[in-house]
Amino acid sequence: MARLPLLLLLFWLLPPTSAKSTSVVSANTFQIQQEYYRPGDLIIGGNLLLASFHYSNIPDFKKDPSRFPYTLVAIPKNYQKFLTLKFAVIEVNKDLVLLPNITLGFHIYDNHQTERNSSLISLSLLSTRGQMVPGYKCGRQDTLLSVIGSGNPKSSRQMASIFSIFKVPQLSVSFESSEGDRTVYPSFFRINSKKSPQFVGLVQLLLYFQWNWVGLLASEDDSGKRFISTLMPMLKEKDICLAFPEIFKSGIPLINVFGLHLAFKLLLKVEVIILLGDSITITLLLPYLRTVQFNNNAGDEISFSENGLGSACYDLLNWVFLPNRSFVPIKVGQIDPGALPGQDFTINSDAIIWATQKVPFARCGMKRCQAGERRRVPEGKQVCCYQCDPCPEGTVSNQTDAARCDPCPENQFPNKDKDQCIAKMLHFLSYQETLGYTLVSLALLLSVMTSAVLAIFLKFCDTPIVKANNRDLTYLLLVSLLLCFLSSFLFIGQPGKLTCLLRQTAFAVLFSLAVSSVLAKTVMVVLAFMATKPGNKTRKLLGKPLTNSIVITCPLVQAVLCAIWLTTSPPFPNMDFHSLVGETILECNEGATLMFYIVLAYLGFLALISFTVAFLARKLPDSFNEAKFITFSMLVFFSVWISFLPTYLSTKGKFMVAVEIFSILASGAGLLACIFFPKSFIILLRPHLNCKENMIRNKNL
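Residues numbered from 1 in each chain as written. Predicted model: local features only at pLDDT ≥ 70, side-chain atom pairs only at ≥ 80, totals over all residues. Heavy atoms only, no water.

**Quick notes on the pattern of salt bridges**
And step 1. Enumeration over the complete set of coordinates arrives at 11 salt bridges.
And step 2. Of the charged contacts in the structure, one is a salt bridge between Lys 331 and Asp 315, with a shortest N-O distance of 3.3 Å. With Lys 331 in strand β19 (residues 327-335) and Asp 315 in strand β18 (residues 314-321), the pair connects residues that are 16 residues apart, well separated along the chain.
And step 3. Between Arg 363 and Asp 401 there is a salt bridge whose closest N-O contact spans 2.8 Å. Linking Arg 363 in the loop between β20 (345-347) and β21 (373-376) with Asp 401 in the loop between β23 (395-396) and β24 (406-407), this pair joins segments that are 38 residues apart in sequence. Each member of the pair Arg 363 and Asp 401 is classed as buried.
And step 4. Here the salt bridges do not stand alone but share partners, grouping Arg 363, Arg 368 and Asp 401 into one network. (Salt bridge = Lys/Arg side-chain N within 4 Å of Asp/Glu carboxyl O. Helix = DSSP H or I, 4+ residues; strand = E, 2+ residues; numbered from the N terminus. Buried < 20%, exposed > 50% of the residue type's maximum accessible area, 1.4 Å probe, protein only.)

Right under this line is the structure:
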């Protein structure tokens, strides 16, 4: 027979999801039978539940009272599916093109939902009619093509273990076979898809309505146990807690959310699947069945896998109860595992009609944690029964029911409500703020005053009071003080790479030059007095060689220290995010902090020598003894820098910089005031004292 079409008819006849209504067959329209047979060349076997036992506690006095009274109650919905199968077989047999010279038949048993009947029925389908000899087909004309059923998971396993021995394909919608089951039940095929998308959709539904305190009800069978065992880890992962898991002996899995009953009937978009292929022998069959691939009436691609059909789309129905105690299912959403992420679960919440006229509240805690708060689970409570605590300092939460508060980035800090991070303000000593322009004004004032004193000493350079105090050292000291005052501008403004390199080193070298000049002037006073004594040879040491060696050597040592500092670990611009709340400090990191204190220590060492020499020479007679004024200037210098260290170390940011600027200006101002103001006063306001006679008179005293 050339190219005999091959037919695969898969059973589980649900109404199409596009149907608006479903007809119902009354129990009175058919007679309950245990067996339904139609002859054919190829037989489709069936082990179905068409009627169930109904037990009654009301005695029937027409029957033996020792027997438990029961009646068989037909299940119209299942019988309707059987009629659909019957109709499909008749229509296929009428078509002369579809299966030429081959007729289909069926042999359907009603198992009455008893496991014992399922085993007997399976053995009967494998035997010659009227005999219970499995695999014995002598005299049998019809061939068992495949078997459909049962809807009971335990019965399906029993059937699968029997039919797999004889390699008869079994098509069922019951238990989900795992990878190991494929080896044990090689001829079992699930024609409904995996239930995992249903579970995922259920969890998504709970998350959508923000329900986290729910109860689960499931039937006491393999399907119900699988429902509970699979769903519970998924709920736990999403922090959804169980008020109770309840197992009952009959019914379908449903969820009870504090009085709200949500029954999900997830409709598979497959009615009857017919596959036409090339002519092959019956011996549909198993290898070809495993490679089935087609599109259903919804346009979805359908194929068998190890766990059933590859994909399916499910409808989410809202059961609306009417006043006449009937109900109407309304589609309000859809679960489509094959859709793009984010589109696999869709729901129209506005279309839902709630029994309580509003969305039910199904949460363990009555209060939800708002932004700026975090969840805290009291000891002994479930994770859903949490309390709300404010976020700790430095952290924020911008979501409802946040499990934790997250720290802000380094350049940001929490706002007042701790629900978002905002940018930190840049913190540095700027020219625009009050402290900045106050220090700038003071530095400019002292610079102008120093320049004025220098101009006075240059103008009156030939007067006795200027000559008596070594004019070159005086000019050098005034110039170094002027540069010290101007160096304070390196500390103001936004720190940069160049300013960080220059400000500390420039200050250290310039102040070393100023203190060295003071030291040289003090040494000159002592040597000048010692030269007046008969036989003293110190006169040879007087003059430029001594002063030049002091004012060159001492600053040179400081310059070498600064060069080592800049070579090994130079200062650099830095951002401090943690010292001040809500502000980022722009500062100069001193690099090698030890070198910074060595430089300061060396400066203090020079000042100490100057102070010691000046203090010892304060009462020496001379024409104009500067030692007294130098002693006072060094006392001011020490007072400023001794108080500088603890104040500098206890402040942060721009205030630390302001302390150092003030110390520079104050110590420089002390030198300027103590050494030069008395002389300037005499030169400008007491010119009669600026004469040689007065100088000689003071010398004789």
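Anyway, onward from the coordinates.
**Observations concerning the packing of aromatic side chains**
And step 1. This structure, assessed with the given rule, holds 25 aromatic pairs.
And step 2. On the numbers, 6.0 Å between centres and 25 degrees between planes, the contact of Phe 611 with Phe 615 is stacked. Of this pair, Phe 611 and Phe 615 both sit in helix α13 (residues 593-616), four residues apart, which is roughly one turn of the helix.
And step 3. Feature note: the residues Phe 507, Phe 511, Trp 565, Phe 596, Tyr 597, Phe 611, Phe 615, Phe 637, Phe 638, Trp 641, Phe 644 and Tyr 648 constitute an aromatic cluster, connected by ring pairs.
And step 4. In this arrangement the basic side chain of Arg 375 is found over the ring face of Tyr 386, its NZ or CZ atom lying 5.4 Å from the centre. (Phe/Tyr/Trp six-rings, centres within 6.5 Å; stacked < 30°, edge-to-face > 60°. Lys NZ or Arg CZ within 6 Å of the ring centre and 35° of its normal.)

**Observations regarding the environment of Glu 410**
And step 1. Mapped onto the elements, Glu 410 comes out in the loop between β24 and β25 (412-414).
And step 2. In the structure, Glu 410 is positioned 174 residues away from Thr 584 in sequence and 8.6 Å away in space, judged by C-alpha atoms.
And step 3. Once residues within four sequence positions are removed from consideration, Glu 410 is found in contact with Lys 424, Phe 577 and His 578. (Contact = heavy atoms within 4.5 Å.)

**Some remarks on the sheet that holds strand β27 (residues 425-427)**
And step 1. Here three strands make up an open sheet; going across it, the order is β27-β29-β28 and the pairing mixed. Every interior strand has two partners, whereas the edge strands, β27 and β28 (572-576), have only one. In this sheet, adjacent strand axes meet at a mean angle of 25 degrees when their direction is disregarded.
And step 2. Here five bridges tie β28 to strand β29 (residues 583-589), and the two strands are oriented antiparallel to one another. Following the sheet pairing, Asp 576 is matched in β29 by Ile 585. (Pairing = 2+ DSSP bridges. Axes fitted to C-alpha atoms, helices over the stretch in contact; angles between N-to-C directions.)

**Regarding the UniProt feature "transmembrane region" (unreviewed entry) in the chain**
And step 1. Mapped onto this numbering, the UniProt entry annotates "transmembrane region" (unreviewed entry) at residues 435-461, 473-493, 505-529, 550-568, 594-617, 629-649 and 655-677.
And step 2. Annotated as 93% helix and 0% strand, the span residues 435-461 places its first and last C-alpha atoms 38 Å apart.
And step 3. With 100% helix and 0% strand, residues 629-649 has end C-alpha atoms that lie 31 Å from one another. (UniProt positions renumbered as here; feature names shortened; annotations may be inferred.)

**Examining helix α14 (residues 627-649)**
And step 1. Between its first and last C-alpha atoms α14 spans 33 Å; for 23 residues at 1.5 Å apiece the expected length is 33 Å, and the two agree.
And step 2. Those residues of α14 that sit buried are Ala 627, Ile 630, Thr 631, Ser 633, Met 634, Phe 637, Phe 638, Val 640, Trp 641, Phe 644 and Tyr 648. (Expected span 1.5 Å × (residues − 1).)

**Considerations on the sheet that holds strand β6 (residues 104-110)**
And step 1. Taken together, the six strands give an open sheet; going across it, the order is β2-β6-β3-β7-β8-β9, and neighbouring strands pair in mixed fashion. A strand with exactly one partner marks an edge of an open sheet, and here the two such strands are β2 (35-38) and β9 (188-190). Averaged over neighbouring strand pairs, the angle between their axes works out to 20 degrees when direction is ignored.
And step 2. Bridging between strand β3 (residues 42-48) and β6 involves seven bridges; their strand directions are parallel. For Ile 43, the partnering residue across the bridge sits in β6 and is Gly 105.
And step 3. Helix α1 (residues 76-94) contacts β2, β6 and β7 (143-148) of the sheet and is inclined by roughly 165 degrees relative to β6.

**A closer look at the environment of Leu 594**
And step 1. The topology assignment puts Leu 594 in helix α13.
And step 2. A C-alpha to C-alpha distance of 9.1 Å links Leu 594 and Trp 565, two positions 29 residues apart in sequence.

**Some thoughts on helix α15 (residues 654-685)**
Working note: α-helix, 3.6 residues per turn, so residues spaced by three or four point in the same direction.
And step 1. Along its length, α15 shows its largest kink, about 45 degrees, at Phe 676, and proline Pro 678 lies within four residues downstream of that point.
And step 2. Counting buried positions over the 32 residues of α15 gives 23, a clear majority of the element. (Bend = angle between axes of the 7 residues up to and from the residue.)

**Considering unusual backbone geometry**
And step 1. Residue Asp 239 is not a glycine yet carries a positive backbone phi of 60 degrees.
And step 2. As for its position among the elements, Asp 239 is in the loop between α6 (222-237) and β11 (241-248).
And step 3. Phi at Asp 401 takes a positive value of approximately 60 degrees, unusual for a residue other than glycine.

**With respect to the packing of α13 against α14**
And step 1. Across the interface, α13 lies against α14 with an axial gap of 8 Å and an inter-helix angle of 155 degrees. By the angle between their directions, the pair α13 and α14 is classed as roughly antiparallel. Once α13 is placed against α14, the crossing between them reads as left-handed. Residues Phe 596, Tyr 597, Leu 600, Leu 603, Gly 604, Ala 607, Leu 608, Ser 610, Phe 611, Ala 614 and Phe 615 of α13 form the contact with α14, whose own contacting residues are Ala 627, Ile 630, Thr 631, Met 634, Leu 635, Phe 637, Phe 638, Trp 641, Phe 644, Leu 645, Tyr 648 and Leu 649.
And step 2. Here the residues of the contact of α13 with α14 are counted per class, giving 20 nonpolar, three polar and no charged. (Parallel < 35°, antiparallel > 145°, perpendicular 65-115°, else oblique. Left-handed = near helix turned anticlockwise from the far one by under 90°. Nonpolar A, V, L, I, M, F, W, Y, C, P; charged D, E, K, R; others polar.)

**Let's talk about the state of the cysteines**
And step 1. Scanning all chains against the criterion turns up six disulfides.
And step 2. Disulfide pairing is shown between Cys 241 and Cys 384; the S-S distance is 2.2 Å. Classification of the bridge connecting Cys 241 and Cys 384 rests on its S-S torsion, roughly 95 degrees, and on that basis the disulfide is right-handed. As far as burial versus exposure is concerned, Cys 241 and Cys 384 are alike and both buried.
And step 3. Linked covalently through their sulfurs, Cys 408 and Cys 421 form a disulfide whose S-S length is 2.0 Å. (Disulfide = S-S within 2.5 Å.)

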